Amino acid sequence: MRTERVSGNGQTERREPKVIVGAAIIADGRVLACARSAPPEVAGRWEFPGGKVEPGEGEIDALVRECAEELDVRVEIGARVGRDVRMAHGRSVLRVYVARLLHGDQPKALEHSDLRWLSATELDSVAWLPADAPVVAALRPLLGNG
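The shown structure was predicted, so the numbers you read here are calculated from the model rather than taken from an experiment. Within any chain, residue numbers begin from 1 and follow the written order of that chain's sequence. At least 70 in pLDDT is required for a residue's local features to be given in this predicted model, at least 80 for side-chain atom pairs to be given and counted, and no such filter applies to totals for whole chains, interfaces and linings, which use all residues. By convention in this description, side-chain values take in all heavy atoms of the structure and omit both hydrogens and water.

We now examine helix α2 (residues 133–143). Inspection of α2 places Val135, Val136, Leu139 and Leu143 among the buried residues, and these make up the whole buried set. Seen end-on, α2 carries its buried residues on one side only, within an arc spanning 105°. Turned more than 90 degrees away from the buried face of α2, the exposed residues are Ala137 and Pro141. Contact definition: two residues touch when any of their heavy atoms are within 4.5 Å. What counts as a helix is a DSSP run of H or I of at least four residues, what counts as a strand is a run of E of at least two, and both are numbered from the N terminus. Considering only its buried residues, α2 is in contact with β3 (18–27), β4 (30–36), β7 (75–87), β8 (92–101) and β9 (112–118). The classification of residues rests on relative accessible area computed with a 1.4 Å probe and restricted to protein chains. Under 20% of the type maximum is buried, over 50% is exposed, and intermediate values are partly exposed. The directions considered for the arc run from the helix axis to the C-beta atoms.

So this is what it looks like as structure tokens:
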């Protein structure tokens, strides 16, 4: 998946989209959902924690870093969940991975307004951000019957 644009000299430039990673942190048959606190247009909507992969950083390393920064937890990253989700008019792509907490760590809402642990039957009880919503269906089988 590439984006194209025409440069000033009339040539087409191809760029790989920026990768955003998310963590579906699962514990005891529930997944962690995080309520955005900002910006105002998405405040109160729910997402999987994560963020941008920085230049020179791998996706797994970025996700470990983001979970530490946003939730003050250490995580082990597992398999991908769902498909790539295009964002920002195709300039970004979201990739979500299963994760598990390490060393008894408990998430803290350092950058979110609220945190909730959701079972498979509770996944539709929150208003997911559009990019995160497609991953929810792929996540259900991993949570069991709730």
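Moving on to the pattern of salt bridges. Here a salt bridge means any side-chain nitrogen of Lys or Arg lying within 4 Å of a carboxyl oxygen belonging to Asp or Glu. In total, this model carries 13 salt bridges according to the counting rule given. The partner of glutamate 59 in a salt bridge is arginine 95, with the nearest N and O atoms 2.5 Å apart. Placement of glutamate 59 in helix α1 (residues 59–71) and of arginine 95 in strand β8 is noted, with a sequence separation of 36 residues between them. In this pair, the class of glutamate 59 matches that of arginine 95, namely buried.

With that settled, consider the side chain of glutamate 66. With respect to the helices, strands and loops of the structure, glutamate 66 is situated in helix α1. Look at glutamate 66 and you get buried, because its relative accessible area is 8%. The residues touching glutamate 66, leaving out its near neighbours within four places in the chain, are Gly50, Gly51, Lys52 and Leu71.

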